[in-house]
Every structure is written in C-alpha cells, then in structure tokens.
Amino acid sequence: MPATLTDVQTLLAEALAASPAEATEFVYTETKEDLTRFGANAITQNVMKHSRSVGVRVQQGGREARVETAQVTPAGIARAISEALEVARFQQPDPALLPMLAEKQAYREVAWPKVTPETGPEGRAEGVARAVEACKREGARASGICSDLVTRTIVANSHGILADGIYREAEFSLTAEREGGSGWAKAVASTYEEVDLDRVVAHALEKCLKSEHPRDLPVGDYPVALHSAAVADLATMFMWLAFSGLAYQEGRHFAVGKLGEKFFDDKLGIADDPFEVPGLPFDYEGVAKDRTPLIEGGRLVGLAHDRHTARKAGVRPTGHGLPWPNTWGPIAQNLSIAPGDTPIEDVLRGLQRGLLITHLHYLNVVDQMDLSITGLTRDGVFWVEDGQIKYPVKNMRFTDSLLSLFGQIDAVSRERERSAAFWEGATLSPAMRLPKMHFSSPAGF
Amino acid sequence: MATILKPASPSMAAQLASRVRPLAEAALDAAQLAGATYADVRIVHRCDERVVVKNGTVGELDRSEDVGVGVRVIAGGAWGYASTYDLNPPALVAAAKLAVRIARASATVKVADVRLAPETGWRDRWQTPYQIDPFAVPVFDKLELLFAVDKILRERPEIAVAESAILSMRERTWFASSEGAFIDQEITRCGGGFEVTAVGNGDAQTRSFPASFRGHHKTTGYEIVPALKLVENAAKVRDEAIALLTAEPCPSGRTDLILGGAQLCLQIHESVGHANELDRVLGLESNYAGISFCTTEKQGNFRYGSDIVNLVADGTVPGGLATAGYDDDGVAAQRFHVVRDGIHQAYFTNRELAHHIAEERSRGCNRAEGWQNIPIIRIPNLSLMPGSWNLDELIADTKQGIYMDVNRSWSIDQMRLNFQFGCEVAWEIKDGKLGRMFKNPNYQGITPEFWNSCDAICDNSHFDLWSVLNCGKGQPGQTAEMSHGSSPARFRNVMCGITTH
C-alpha cells in the first residue's frame, strides 16, 4: 500500500465524528508514482512523486461546498471542514440538493495481482538500458518511459459509507527511430513484473525498421487494420462523446431520445467493467460499481450515470461519479471492448488493399453531434496488399465519424491488450479491420 | 454586507516563510553529502479557488490548498528528482537522498554528463502585482455576479447549458540551490468567463466569452473580473449560440481566412510554441507529444512566416500567465524574438540544453507544475506582434473569405506541421463585408505555409494577451499556464470546412 498512514481510515472516521456539519464526505487520494523517462538513448527525467490530499464536502441547511487540502491531519481536516462550511454559507439553500449517499453498498473485489516489491530506480534503469542497447545495436534512437504507479482512494461519509481501494499501473513504452522510420510499442499491466519488456522492444524495433523511407499516398478513403492501441485511442473518444448520461440529458449527445437504437456494426460491444479492466470498484461518491453494458451488438444500450444524472433519469447510478460538485458529469473509465473470433494475425491477413495503423495521435472532436473526430496516424503506417505489408507510407490526418468508422466492422481479434486511460482507468481493446477510414490531408513525413 | 472570507493562503504561507530557509538548507546539505554535484529545492504552496455557476445552481465551489517540496539533483552526471508532501526535516533529507539514488540510476544510461549553463545565484523576493486580492473578495460577490450572468444566459428556452466561472490561484515558491540562489516568488492569477450551449434543430452549439476553456485570465487581481464585462456581453453571446443552430455549415474549400485574437492564441500556441521547445526539437519528447519540424539548423535562417510575422517570447510582460521573476531553474525572466520579420531566431531553452545550440545562457523557460514535478521546458508568454490594420479596414479589404474566432477543437501532428483547428463561430466575408454566420467552422494547414500566407495583422488597439490555462506536457503529465498576445490577422488561400467525406 502506498499510504504511509496505515490509520488513514481511523483518522477520517474520527474527523467525520467531530465534524459539525449536517453531513460530511471525504475523498482521500494518495499517489506514489515512480517514472523513468528516456530520450535519444539516455535517461532524461527520473522522478518519484508522492502526494496525498483530502477533498472535504459538507452539506448544511440545503447548501454544500467542497474544500481540498493536502494537510491530512486532524487539524488540517478540521480546518477544511470549517472553511467549507463558511463557503457554503454564502449560497442560497437548494431545495433539490441531493443528500450524500446513505444506502449500504456492496463493493466487489478487484482481482489485483499479488503486490510485489517496488522496482526501484535501479530496476527501471536496467529495463531502460536493455531497450536502449537493443535500439543502438540497430542504429536506432530510443525514447520512452518506464513507470510504476500506485494510488489509494478512500471515500467516507457521515452516513456510514466507507470505500477503500487501490489502483496499480505499470507501463513500459518505447519509440525507436531510424532514417525517417519510427516504431512504437507499449505494454500496460498492473505491476512492472508483468510487463513483457522484450516484446515491447521487439515490436517497436520491427515497426521502426519497416517504416524507413515511407512513400506518399493520396488522401482519401482506405480500408484499415488497426492495432489494438489504435482501437484504444478511438475508444477514448467514445468515452468522451458517447457514454455521458449528463451530455444525453443536456441534449448535446448524438443519440438524444434514441437510447437502445442501433448505430454501429453488430460486432461492436463496449462495457465499462473495472473487474475485467482493473480499476476502482466504486466511484468518488462511494457508489459501488458493476459491469455496465454501453454498446451491445451495435446498439447503444447504456449510459454512465452518477447519482445526480441517475436521479434525473430515474435509474440507478452506475458508479461513474467524479468528486462532487462538478460540471463534468459521469465518465466511464474502464472500457472493455468485446473481443471477436478472428485470430489477431488474420485481422491483417484479411486486408486485401489498405493500411495497417500502429496507433493514433492527438485526437479531438470535430462535431459532438455526429461523433466526427480528427487525428493523425503515428509510428508505423503500412500499405498492405493481400494481407502482406508492401511498404511504409507517410502519416496522414483522418477526419471521420465514429458512426461511420464503426458502422461496418470486417473483423475483431480474439486477443486484446490493456492501455492506460484517465485517472484510475484503463481500456482493454482488440485489433480491428474496418472497411473505410477517411484521410483528409497528408502530414508530409 | 457579506463577511469577507479569510484568504486561505497567507496564513500557511506566512508560517512556511519562517521555516523555509533551514528546511531548504537541510535538503541541500543532505543531497551534497550524498554525492550531488548540484542540487536545488523548491518548496511550493498553492491555493486555488473555483466558483462555477451552472444552470441556476452552484456548479462548483471549491477551494484547494497544497504544499510540498521537490528536490532535484545531479549526481554521477545525471538528474534525479524526489518529492514529498512531508515538510519535516527528516522527510526532506530522505527525499534528497532518494533523489541522489535516482540520479545514480539515471547515470547508468546516459550519453553525456548534464552540463548547466551558468546563471547568477539570485537572491530575491518577487511577486506579480494586483490591486484586489481575489482570495479576499467574498464568495457571495462572485456568486452574485455569476448568477446575474446565468440569468441572462437562460432567458431563452433554446439554452440547455449555461456555465460561468471565476477562478483564482496563488502560488508561492521558495527556490534554493547549491549555487547560492534563494528566490521567494509569489504569483497570483485570476479571471473568468462563461459558455452557453443552445440545443434545437437536431443540433447543439456552444459559444463562449471572452474565450473558450474558462474564459480570460491574467496574472492580476480580482480587478480583471469586472473589466471582463460578463453581464454586458451575456445576451449577445447567448443569441449567437442560438443563431448557430440554424446557420449554414462552413463551406468547404480554399479561401482567405481572418482569425480573431482568441483563435490566434491557440494557433500561436500549437504551431509556434510547442514547435520551438528545445527538448522537443532535440527529440527528447519523441515517445509522447512528439518532436518538431523546426530543427536546429534552421535557427537564424528559416523562413517561418511572411516578413510581417514577429513572434516575441516575454517572461516579463505585465499580466502574462507565464510572467515571473525567475523560472524553476532560477534563471531570470527574459524577452526575445522567436521569429523576427518572418525568420526563425530562437528556441525556448533551459540551463541543461542551452549548450546544445551553442547558447551560453538559458532563456529561462524551465517550469514545473507544483512541487511534485521536475521542471521541463515550457512555452513562455508568446505573442504575435501587432501590425497596422484596423479590423474594419481589413474586412473591407477582403473580397471573399471567412472570419473565424474562439477555439473549439485542436489537433496537430507530432512534428507540429499538419494542424486542423475548429472554431465556435464564423462569418462569411463577401465584397469586404461580414455576411452570413457559419457553424462548425474549421481550417487545416501546414505550419510554415500557413504563417507565410499571413499578409495583414491588426494594430495594437485590437491586441490582447489571451490565456492558456491547460497546456499539458510531459510524463508524469504536467499542466502549465501561459499567455499569447494577438490581434486579428489575415491568412491567404487557406483550406477551410474540412468534412468527414
């Protein structure tokens, strides 16, 4: 456990008991992150950060306010409570104020691997050295990160809610560059010991060496085979655009009034599942999470709800609330994209003429109402004929809609890979073959 | 009359002020005893306040306070960094020793020893000026203003989301180094804005004021908030959001493009700012945000833009979000041209990398988010210098084109060449006059081609320092703030209206 205070729960319980507010909630977060960063064959940044804070929310007389403090002591928390009460006093009472969670929750257990000793800076440097030496042997330049993250989150309130969980994430990523070629690979796991470093190095180097001297390709529509990392990149846009219960209620959602309808290919399935894609088993208001189906058989079957959007929709909250109050609304952070029945090598083999894409860069929304987005290819794009890579091509910008991209899916791999997402979140993605992706302008390199 | 809330920061900051010297000395001593050849310590205390009103209720009413220390060392010719929230001397000593251990691990994978450009060991107290302490203004007053804005925004039934905000921040940093520096620096930032989303006609359209992503902010006090005239502009901006619901889509094709100052802020940031960070240029950000087309052989000779394009970095400009006395290397703030008369001149550097381009002194661009993070090269305040045009005259001089403003979407490649940016609103320009409103406007270009197509820049009367509050960079991710000054400018023959087919 990262917490140096083994008695944080006790500290919070005593602070709750001492709080003069009608209702009090704490969100305690503690983060320990070790990260070694390397660039151009040398370690450039090598850090350990250890931070913690308590978000204090109070409700008093139909008003509420939140104060966050890094002073995790009885005096520091008491002061935060006092300040929150003082801030809350300046509001008008809200007759519709949602009381803090009181309903008893059953938190399922997330299956984290056995906690192993920390890698330490020497262990991370040794991994980096292996990657750098492998790249140097090929005359390539190596850049990347090796990281080890542990967080602890506790949500406790004066109605008896107590949720306490950890999140672990280790990552090794590598970009290898030579002669205008660039290759990238990444492994994300719960602990550093699970990271297959040699596989990352082999994949990045293979992409790099194959992508030298890329050729121009006219922009237009092409069939594509997407590595799982590229699918994960696109899944992030689903997370922002398609699953927010708040956006749906506010009318700024592509499917307003059409929940349950079919928008995508039968083969597209997405669920939020912190037990399959390791995450916290509760949200920041203490609501227990379960598997939340979002897209099944191409139908939009569910939305992420916090307690506030759930009340308005007349449904149960799905456990996707951020620390309240916020204006973001609920976010599904642990996306599990359904696997298909195609062996991963056949995803590429089945591509007659088209592009193999390693991953995507700098995605952003063009129009939230038709799910149109833009972004670029990166670190290895290849022209494929009859399932064989023929030559590397230069990067291109795509501008396309998720509705169109996933409106027809030719193949989904059986195998899936984990990617890091946001906060304590991750994505589990298969590789896919899509019949059409619209490339709108060349990058020129 | 409302009670004035006691500001959260001064009391703790004042308590810290009496303790920082011995704490810093303990950490520096421990680092050097452990073998560091260089060490610095940053003790950082930060307060943030967010007051947000959304759809008639308090959307956020947050205050946060954070304090901790980061120790950065060079040992064995390599960097190590460790940070802790614990400000007791044993914890600082432990952090210093850990930083040295990390540095020694870094030293096992190095190309050359870290070499720092010389800098005076400054001993100074510096702070951004303000007239009204934003933390001393009653929350009640802030809510009253925002509820007044909110009421106007929601007067029409088409409005689904109205959100207005006032943000305040104060950061006090004590920087001490083994070279004798001791800098006590305090930066206060404040500002606000609103955004309003109209829904109807199968569409949702958002307009913001004065700019998107929480409005307009400076290193200043609360005096900026009334000057923003949020109430006075609420009805006009709301009605624009509603009008966008039935506006025609932005036409597709090449045309002349006039960008407003708020959108130019983003254009400068993405296509000039990040492209000239020397760590990117040298390939050190390759695995994450990318590198840069503007490689070092281009310095002093590359035509970045047309001859009217002058882009000036300025860590000293009053009000700039990146304005400071010193960066987190302890280097004094500076003003310099990145592009002069269209020709590339300089990069953003730090003490470590300056020698890679044969410069003897850092340009003072190394900054860290809080105490938890190691300083990295950051875009400073960076502005497009005003030209000589009046905006009305510029529009009158444009036979056929589009005027776009206020950023909505941004994407640029890993070399900082191919960008595609979307704006909230646009108007047709026909025969020198503004005409129809267009929705979902966007444009795409290649950085040097785009800046070379600039043939007119508006004058100082249209110039303002626009704000970026959310610049992300680095791993672990860090957020930084900076300002980009601009006035509207015209770009010829730009591809606009990019679609999905």
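Every value quoted in this text rests on a predicted model; they were computed, and no experiment measured them.

Undergrad: Please clarify how the overall build of chain B should be interpreted in this entry.
TA: The number of helices and strands found in chain B is ten helices and 24 strands. Taken over C-alpha atoms, the radius of gyration comes to 24 Å for chain B, in line with the 23 Å a tight globule of 501 residues would show. Once the C-alpha set of chain B is aligned to its principal axes, its extents read approximately 70 × 60 × 40 Å. Burial analysis of chain B (501 residues in total) assigns 62% to the buried set. The contacts of chain B with a sequence gap of at least 6 include a subset with a gap of at least 24, amounting to 76%.

Undergrad: How should I be thinking about the pairing of strand β23 (residues 478-486) of chain B in this particular structure?
TA: Sheet faces and side chains relate simply in a regular strand, where the side chains alternate between the two faces. All names here are of chain B. β23 sits mainly inside the fold: seven of its nine residues count as buried. Both strand β22 (residues 464-473) and β23 contribute to a ladder of eight bridges, which runs antiparallel. Counted as the bridge partner of Val468 is Met482 from β23. Once β22 ends, the chain turns through four residues before running back antiparallel as β23, passing Gly474 with a positive phi of about 85°.

Undergrad: Explanation requested: the sheet that holds strand β12 (residues 335-340) of chain B in the structure shown.
TA: Strand pairing in a sheet relies on backbone hydrogen bonds, with the paired strands running either antiparallel or parallel. Residues and elements named next belong to chain B. Spatial strand order, β13-β12-β11-β16: four strands in an open sheet with antiparallel pairing. Where the open sheet ends on each side, the last strands, each with one partner, are β13 (343-344) and β16 (382-384). Bridge count between β12 and β13: two bridges; the pairing is antiparallel. Its bridge partner being in β13, Val339 is matched across the sheet by His344.

Undergrad: Could you clarify how one ought to interpret the domain arrangement of chain B in this entry?
TA: Frequently, the measure chosen for interface size is the accessible area that the parts lose on association. With domains assigned, chain B is organised as domain 1 (9-244) and domain 2 (248-496). For the side of domain 1 of chain B that touches domain 2 of chain B, the class distribution of residues is 18 nonpolar, 15 polar and 13 charged.

Undergrad: Help me understand the interface of chain A and chain B, please; the structure alone is not making it clear to me.
TA: Across the contact, 76 residues belong to chain A and 75 residues belong to chain B. Here the side of chain A that touches chain B is composed, by residue class, of 27 nonpolar, 31 polar and 18 charged. Looking at chain direction, strand β2 (residues 42-60) of chain A and strand β3 (residues 78-84) of chain B are connected through two bridges and run parallel. What sits directly across from A:Val47, in β3(B), is B:Tyr81.

Undergrad: Help me out: how do you make sense of the pairing of strand β19 (residues 433-439) of chain B in this one?
TA: Residues and elements named next belong to chain B. Judged from the two bridges that link them, strand β9 (residues 248-249) and β19 form a sheet pairing that is parallel. Opposite Glu248, over in β19, you have Phe438 as the bridge partner. For strand β18 (residues 418-430) and β19, the ladder comprises four bridges, and the chain directions are antiparallel. Its bridge partner lying in β19, Ala426 is registered against Phe438. Between β18 and β19, which pair antiparallel and follow one another directly, the connecting turn spans two residues, one of which, Asp431, has a positive phi of 50°.

Undergrad: Mind showing me how you'd approach the packing of helix α4 (residues 139-153) of chain B against helix α6 (residues 230-244) of chain B here?
TA: A pair of packed helices is captured by two measures, namely the crossing angle of their axes and the spacing between those axes. Residues and elements named next belong to chain B. Running from amino to carboxyl end, α4 crosses α6 at an angle of 20°, the nearest separation of the two axes being 8 Å. One element, α4, and the other, α6, form an angle in the roughly parallel class. The interaxial crossing formed by α4 with α6 has right-handed handedness. For the pair α4 and α6, contact is made by Leu145, Ala148, Val149, Ile152 and Leu153 and by Leu230, Val231, Ala234, Ala235 and Arg238, respectively. Classifying every residue of the contact of α4 with α6 by side-chain character gives nine nonpolar, no polar and one charged.

Undergrad: Explain the domain arrangement of chain A here, please?
TA: All names here are of chain A. Structurally, chain A comprises domain 1 (8-207) and domain 2 (214-442). For domain 1 versus domain 2, the distance between C-alpha centres works out to 23 Å. Taken together, the contacts link 35 residues of domain 1 with 31 residues of domain 2. Of all the secondary structure elements, the ones that give two or more residues to the side of domain 1 that touches domain 2 are β2, β3 (63-69), β4 (141-157), β5 (162-178) and β6 (181-189). The element best represented in the side of domain 1 that touches domain 2 is β6, accounting for seven residues. Class assignment of the residues belonging to the side of domain 1 that touches domain 2 gives a composition of 14 nonpolar, twelve polar and nine charged.

Undergrad: Any chance you could explain α4(B) here in plain terms?
TA: Residues three or four positions apart in an α-helix share a direction because the helix packs 3.6 residues into each turn. The terminal C-alpha atoms of α4(B), which comprises 15 residues, lie 21 Å apart, in line with the 21 Å expected from a rise of 1.5 Å per residue. Those residues of α4(B) that sit buried are B:Val139, B:Lys142, B:Leu143, B:Leu145, B:Leu146, B:Val149, B:Asp150, B:Ile152 and B:Leu153. Tucked inside the fold, the buried residues of α4(B) contact α2 (74-88) of chain A together with β1 (38-54), β2 (57-75), β5 (159-177), β6 (182-200) and α6 of chain B.

Undergrad: So what exactly am I meant to see when it comes to the environment of A:Cys135 here?
TA: Residues and elements named next belong to chain A. Take Cys135: it is sitting in helix α3 (residues 120-137). Along the primary structure Cys135 and Val201 are separated by 66 residues, whereas in three dimensions their C-alpha atoms are 8.0 Å apart. Discounting residues that sit within four places of it in the chain, Cys135 has contacts with Ala140, Arg141, Ala142, Ala176 and Leu205.

Undergrad: Just to check I follow, could you spell out the environment of B:Val196 for this structure?
TA: Residue and element names in this part refer to chain B. Mapped onto the secondary structure, Val196 falls in strand β6. When the C-alpha positions of Val196 and Ala160 are compared, they lie 7.9 Å apart, and in sequence the two are 36 residues distant. Setting aside its immediate chain neighbours within four residues, Val196 contacts Leu153, Ile159, Val161, Ala162, Thr206, Arg207, Val237, Arg238 and Ala241.

Undergrad: Before we go on, may I ask you to explain the packing of α3(A) against helix α4 (residues 197-210) of chain A in this structure?
TA: Residue and element names in this part refer to chain A. It is at 10 Å that the axes of α3 and α4 come closest, and there the two elements cross at 30°. Classified by the interaxial angle, the pair formed by α3 and α4 is roughly parallel. Pair α3 / α4 crosses with right-handed handedness. On α4, the residues touching Gly127, Arg130, Ala131, Ala134 and Cys135 of α3 are Leu197, Val201 and Leu205. Of the residues in the contact of α3 with α4, the class split is six nonpolar, one polar and one charged.

Undergrad: I keep staring at unusual backbone geometry and nothing clicks. Help me out?
TA: Peptide bonds are mostly trans, and most non-glycine residues show a negative phi. Here the amide bond leading from B:Phe209 into B:Pro210 is cis, since omega sits at -10°, within 30 degrees of zero. Tracing the backbone shows B:Pro210 in the loop between β7 (203-209) and β8 (216-218). One non-glycine residue, A:Tyr362, lies in positive phi territory at about 50°. If you trace the backbone, A:Tyr362 turns up in strand β12 (residues 353-367).

Undergrad: Sorry, what's going on with the nonpolar core here?
TA: The tendency in soluble globular proteins is for nonpolar side chains to be buried as a group. Counting 287 residues, the largest nonpolar core has B:Ala27, B:Ala31, B:Val71 and B:Ala99 as its most contacted members. Of all the elements, β5(B) adds the most residues to this core, at ten residues.

Undergrad: Would you mind going over the environment of B:Leu321 with me for this structure?
TA: Residue and element names in this part refer to chain B. Tracing the backbone through its elements, the reader meets Leu321 in the loop between β11 (311-314) and β12. The class for Leu321 is buried, based on 27 C-beta atoms found within 10 Å. Along the chain, Leu321 and Ala17 lie 304 residues apart, while their C-alpha atoms are 24 Å from each other. Contacts of Leu321, omitting those with residues within four sequence positions, involve Arg189, His217, Lys218, Thr219, Ser467, Glu481, Met482 and Ser483.

Parameters and conventions
- Residues numbered from 1 in each chain as written.
- Chains lettered and ligands numbered in written order.
- Predicted model: local features only at pLDDT ≥ 70, side-chain atom pairs only at ≥ 80, totals over all residues.
- Helix = DSSP H or I, 4+ residues; strand = E, 2+ residues; numbered from the N terminus.
- Rg over C-alpha atoms; globule rule 2.2 N^0.38 Å.
- Buried ≥ 20, exposed ≤ 12 C-beta atoms within 10 Å, placed from the backbone.
- Contact = placed C-beta atoms within 7 Å.
- Pairing = 2+ DSSP bridges.
- Domains from an automatic or database assignment.
- Nonpolar A, V, L, I, M, F, W, Y, C, P; charged D, E, K, R; others polar.
- Axes fitted to C-alpha atoms, helices over the stretch in contact; angles between N-to-C directions.
- Parallel < 35°, antiparallel > 145°, perpendicular 65-115°, else oblique.
- Left-handed = near helix turned anticlockwise from the far one by under 90°.
- Expected span 1.5 Å × (residues − 1).
- Core = buried A, V, L, I, M, F, W, Y, C linked by C-beta atoms within 7 Å.

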